[in-house]
Amino acid sequence: MKIQTILCALLMLQGAAASAGPIEDQIKFRQSAYSFIGWNTNKIKTQLDNPDTLSKEEIVAAANAIAAAANSGLGALYGPGTDKGEGWKKTRLKSEFFEKPEEAKKAALQFNLEANEFAKVAATGDVGQIKAKFGKLTQSCKSCHDSFREKDVK
Ligand code: HEC
């Protein structure tokens, strides 16, 4: 192999690694993203649990935040090796995520779909529909957690 070819291959490898970031950064961003998503999900739950003081604006803001996070390309934070290691704390991603790529992809896509659907329904202000779709959204969180997140730190 010519030296230029080797250098070029090395640069490409470096490029690929840089775009996803070091493992600890991927885990950090992932944990941050889900904490943010969880915060917004709790805000919606609080609103729906208190119909007398319910703020549709707060639901819309939280729904848009969740959809934005879902659409931000979270897949980039699931690079190889990120089932082991530490971000803000030890990761809870199960190795099954990499062993069952089809199932993992399905769970991620389902969440994406529900997050975007929920943002649309939140904008209509129809509380009955919002409740129904919120159930679907949180079901998509749960099904991914059940399959791919450790209950406690390993
Ligand atoms: C595609 C799978 C997947 C989906 C969908 C998903 N999560 Fe998670 N979630 C994870 C994984 C994996 C972790 C552990 C991340 C880590 O430690 O590296 C996690 C962690 C969390 C955490 C803990 C964050 C921390 O580190 O303290 C919260 C809160 C959370 N998710 C809430 C949610 C909510 C709410 C939804 C839905 C609106 C959701 N997640 C959807 C996979 C998912």
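A quick note: this is a predicted structure, and the numbers were derived from the prediction, not measured. (Residues numbered from 1 in each chain as written. Predicted model: local features only at pLDDT ≥ 70, side-chain atom pairs only at ≥ 80, totals over all residues. Heavy atoms only, no water.)

Focus: the pattern of salt bridges
In the structure shown here, the tally under the stated rule is 5 salt bridges. Residues Lys84 and Asp83 are paired through a salt bridge, measuring 3.3 Å at the closest nitrogen-oxygen approach. A salt bridge links Lys142 to Asp146, with the shortest nitrogen-to-oxygen separation between them at 2.7 Å. Here the residue Lys142 and the residue Asp146 both occupy positions in helix H6 (residues 127-148), the gap between them amounting to 4 residues, near one helical turn. Assessed through its relative accessible area of 43%, Asp146 is described here as partly exposed. Through salt bridges with shared partners, a single network forms among Glu117, Lys120 and Lys133. (Salt bridge = Lys/Arg side-chain N within 4 Å of Asp/Glu carboxyl O. Helix = DSSP H or I, 4+ residues; strand = E, 2+ residues; numbered from the N terminus. Buried < 20%, exposed > 50% of the residue type's maximum accessible area, 1.4 Å probe, protein only.)

Concerning the coordination of the iron atom of the ligand
Of the protein atoms, His145 (NE2) alone serves as a donor to the iron atom of the ligand, at 2.1 Å. Summarising the element assignment, His145 is placed in helix H6. (Donors = N, O, S within 2.8 Å, 3.2 Å for Na, K, Ca; no water.)

Considering helix H3 (residues 56-70)
A rise of 1.5 Å per residue sets the reference length of H3, with its 15 residues, at 21 Å; its end C-alpha atoms lie 21 Å apart and thus fit the reference within 8%. Looking only at H3, the buried set comprises Ile59, Ala62, Ala63, Ala65, Ile66, Ala67, Ala69 and Ala70. As for H3, its buried residues are in contact with helix H2 (23-49), helix H5 (101-124) and H6. (Expected span 1.5 Å × (residues − 1). Contact = heavy atoms within 4.5 Å.)

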